[in-house]
Amino acid sequence: MDKYLIVGLGNIGDEYDMTRHNTGFMVLDAFAKASNIVFEDKRYGFICETSLKGRKVFLLKPSTYMNLSGNAVRYWFNKENIDQNRLLVISDDVAIPLGQFRLKANGSNGGHNGLGHIQQLIGQNYARLRMGIGNDYPQGMQIDYVLGRYSEDELKVLQPAIDLGVDIIKSFVLAGIDITMNQYNKLGKNGGSKS
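Novice: So what's going on with the nonpolar core? Residues and values would help.
Specialist: Among the nonpolar cores identified, the biggest contains 38 residues, and Ile6, Leu59, Leu88, Ile90 and Phe101 are the most heavily contacted of them. Looking at this core, the element that brings in the most residues is helix H5 (residues 152-175), giving nine residues. Met66, Trp76, Val89 and Ile118 belong to the second largest nonpolar core, which has 18 residues in total.

Novice: Any details on the pairing of strand S3 (residues 45-52)? Residues and values, ideally.
Specialist: The two faces of a sheet get side chains in turn, since along a regular strand they alternate between them. Here three bridges tie strand S2 (residues 40-42) to S3, and the two strands are oriented antiparallel to one another. The residue of S3 that forms the bridge with Asp41 is Phe46. From the end of S2 to the start of S3, which pair antiparallel, there are two residues, and Tyr44 there has a positive phi angle of about 65°. Here eight bridges tie S3 to strand S4 (residues 55-62), and the two strands are oriented antiparallel to one another. Residue Phe46 lies in a different strand from S4, and its bridge partner there is Lys61. The turn joining S3 and S4, which pair antiparallel and follow one another in sequence, is formed by two residues; a positive phi near 45° is taken by Lys53.

What counts and what doesn't
- Residues numbered from 1 in each chain as written.
- Predicted model: local features only at pLDDT ≥ 70, side-chain atom pairs only at ≥ 80, totals over all residues.
- Heavy atoms only, no water.
- Core = buried A, V, L, I, M, F, W, Y, C linked by side-chain atoms within 4.5 Å.
- Buried < 20%, exposed > 50% of the residue type's maximum accessible area, 1.4 Å probe, protein only.
- Helix = DSSP H or I, 4+ residues; strand = E, 2+ residues; numbered from the N terminus.
- Pairing = 2+ DSSP bridges.

Read these as spatial facts, not as claims about activity.
As structure tokens, this is what we get:
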């Protein structure tokens, strides 16, 4: 059976709940809710599994804190013997406007600590979905911004992108990265609207 590992990046703990840096968690939570599956607290993270048309899908929210996310990814990767081209990592990105996203087959970490640590441990040849959180903060305030909570208005802008994130996970598993990028990246530039 083909196995896939879908990783959402964030920080564990109530104080980080609904913060911009936890957007990866939010996409996985939406997917889990839509699939009626529940995360369990396991080694290095919260994990749940489901299957899509005969393919086994593991969802992982690392409990290592962001800058050590690679430990969780490498552990589950090896434990379940998952092929690297079946890994998708979902993170927040200040370089992309709120509500937009970019899906890439590989590439640099873009200065993101979580992606950077994963890259240190397994290389940069894995798919990543970067969810835009915007960069509407004064100079020197980036950390406060990414660890700040979304406002209700911001969540309304973000929600269509989260919904599409759920679809992207399904498409990645069922159709592969190339088809999924072709289908969804143009939607990502429109802030998740299908027009």
